Amino acid sequence: MGDFAEHCVGKPTQAPVEAYVRDLRNVCGLFDVEPASKNGLVAGNVGVSRFGRLDIARVRLNAREVSRSERRVLQDPGEHVFAIMQIEGRSQIVQNGAVNHVTPGDFCLVDSSSPSSFVYGGAFSDQVSFHLPRDEMIMRFGGYWRNWHRLNALKDWFPALSAVGAQLVATRDHKVKQQLEESFFSLIGAALCDADANAQDMTSRLLSSALDLIDRHCTDPEFSSKALAEQLGLSARSLQREFHRINDTPTHRILDARLRRAYLQLKTGSLAQPTSVTEIAFDCGFSDLSYFHRTFRKKFGKTPGSLRPKM
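The structure displayed is predicted, hence computed values, not measured ones.

Caption draft 1: Structural detail: the overall build of the chain. Check the secondary structure of the chain and you find twelve helices and eleven strands. Taken across its 311 residues, the chain has 47% of its residues classed as buried. Considering only contacts within the chain whose residues lie at least 6 apart along the sequence, 71% involve residues at least 24 apart. Summing over all exposed atoms, the chain offers an accessible surface of approximately 15,400 Å²; the carbon and sulfur share of this is 51%.

Caption draft 2: The nonpolar core, seen in detail. If you look at the biggest cluster of nonpolar residues, it comprises 25 residues, and the most contacted ones within it are Phe130, Leu132, Phe184 and Ile188. Mapped onto this core, the elements with two or more residues apiece are strand S4 (54-68), strand S5 (80-88), strand S8 (107-111), strand S10 (124-133), helix H4 (134-141), helix H5 (158-170) and helix H6 (174-196). The greatest single-element share of this core, amounting to seven residues, is contributed by H6. Once you skip the residues sitting within four places of it in the chain, Phe130 turns out to touch Asp55, Ile56, Val81, Phe82, Ala83, Met85, Phe107, Gly165, Leu168, Val169 and Phe184.

Caption draft 3: Summary view of the confidence of the model for the chain. On average, residues of the chain carry a pLDDT of 86, and 88% of them reach 70 or more. Looking at the elements of the chain, mean pLDDT is at its lowest for helix H1 (residues 4-7), recorded as 47, and at its highest for strand S2 (residues 32-35), recorded as 96.

Caption draft 4: How the structure looks around the pattern of salt bridges. One pass over the structure, following the stated rule, counts 17 salt bridges. Here Asp32 and Arg25 are joined by a salt bridge, their closest N and O atoms 2.5 Å apart. Taking the relative accessible area as the measure of exposure, Arg25 reaches 28% and is therefore partly exposed. Two residues, Arg72 and Asp32, come together in a salt bridge whose shortest N-O distance is 2.9 Å.

Caption draft 5: The arrangement of the packing of aromatic side chains in detail. In total, this model carries 13 aromatic pairs according to the counting rule given. Considering the side-chain rings of Phe31 and Phe82, the 6.3 Å spacing of their centres and the 40° angle between planes classify their relative orientation as tilted. You can see Phe31 sitting in the loop between helix H2 (17-28) and S2 and its partner Phe82 sitting in strand S5, a full 51 residues away along the chain. For Phe82, a relative accessible area of 5% puts it in the buried group. Ring centres of Phe286 and Tyr291 lie 6.5 Å apart, and the angle between their planes is 50°; on these two criteria the pair is classed as tilted. Overall, the relative accessible area of 5% leaves Phe286 in the buried class. Ring pairs connect the aromatic residues Tyr263, Phe286, Tyr291, Phe292, Phe296 and Phe300, which therefore count as one cluster.

Caption draft 6: Main features of H5. Between its terminal C-alpha atoms H5 stretches 19 Å, which fits the 18 Å expected from 13 residues at 1.5 Å a residue. The set of residues buried in H5 consists of Phe158, Leu161, Val164, Gly165 and Leu168. Taken end-on, H5 shows its buried residues confined to a sector of 130°, consistent with a single buried face. Away from the buried face of H5 by more than 90 degrees, exposed residues Pro159 and Ala170 are located.

Caption draft 7: Representation of the state of the cysteines. Throughout the structure, instances matching the rule amount to zero disulfides. The structure places no disulfide on Cys284, whose sulfur is separated from the nearest cysteine sulfur, that of Cys218, by 7.5 Å. On the accessibility criterion, Cys284 (0% relative accessible area) is buried.

Reading the values: rules and limits
- Here the residue index of a chain counts from 1 through its sequence in written order.
- Reporting in this predicted model follows two pLDDT cut-offs: at least 70 for local features of residues, and 80 or more for side-chain atom pairs to be given and counted; totals over whole chains, interfaces and linings ignore these cut-offs and use all residues.
- Side-chain metrics in this entry use all non-hydrogen atoms of the structure; hydrogen atoms and water are not considered.
- The way it works is that DSSP assigns letters per residue, a run of H or I at least four long becomes a helix, a run of E at least two long becomes a strand, and they are numbered from the N terminus.
- We call a residue buried when its accessible area falls under 20% of the maximum for its residue type, exposed when it is over 50%, and partly exposed in between, using a 1.4 Å probe and counting protein chains only.
- Throughout, a contact is declared for two residues whenever any of their heavy atoms are within 4.5 Å.
- For accessible areas, the Shrake-Rupley method is used with a probe of radius 1.4 Å. Any residue's cover is judged against the shown protein chains and nothing else.
- In this description, a nonpolar core means a group of buried Ala, Val, Leu, Ile, Met, Phe, Trp, Tyr and Cys residues linked to one another through side-chain atoms lying within 4.5 Å.
- A score between 0 and 100, pLDDT records how confident the predictor is in each residue.
- Salt bridge, as used here: a side-chain nitrogen of Lys or Arg that lies within 4 Å of a carboxyl oxygen of Asp or Glu.
- Each Phe, Tyr or Trp ring (for Trp, its six-membered ring) is paired with any other whose centre lies within 6.5 Å, and the angle between the two planes then decides the class: stacked below 30 degrees, edge-to-face above 60, tilted in between.
- A helix's residues, less one, multiplied by 1.5 Å, set its expected span.
- The arc in question is the one traced by the directions running from the helix axis out to the C-beta atoms.
- Any pair of cysteine sulfurs within 2.5 Å is marked as a disulfide.

This is the structure:
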């Protein structure tokens, strides 16, 4: 995309939505854009600064919505956590059942490995997105951020986070940027630790543990919502209540994890090492083949066999 400043100064230009989507995908991954106007034009621009551990994207546009669907996530597994800083305009960001209204000066975290949507309603929006490597976020902070956080602007650390973020965007000195990057990660950590200290985030921590257990054990056909509740030390009803907060159920989330694994194995299989659909189904935790075929087709709109490599 070239130099960050070159693409993010001056008046946004109008271009066909296809051209804007191409630029956005080059920077942020597989997102789709619903334009605000019937003529299919989008006024905006996308720029990126690539240096060190952080890519810093500037995303400006007028659109109804920008979204990353479940299918897009499967096509392009996310490698980042986006720390979004709203510069101008307003947006409504939706992920994992959480809905939040973001105004200028707000910060929020969005996990690129889960579906998300940014709703603008046709109004102009200017956002900076700091692309934090997902592996490093897990190494540093565990899974507290997984259920999406809007960072609290009333906290003492928030002005420092905003100031460091603004300097990361503005500076071109590599040595300075290295130090600012470390400060930015530390302030994100302070925000997460602070959030984890209150009662609301106790739910996030519990859900994060539940999601981690599902990721690790979903291929075990004996693993169920009952087993998940037992490992977390909860009653079945309490576990259901926690998942209700993200508009989901533990049973559905376990099934979803199994189907995702099956999809990826079928999609990435090779002719050199052929594996049958039945073997993949069993390997992903299914014990009933008819149930596997039925739920797979319902979720992805195609049969498992249609994804196998052709001879």
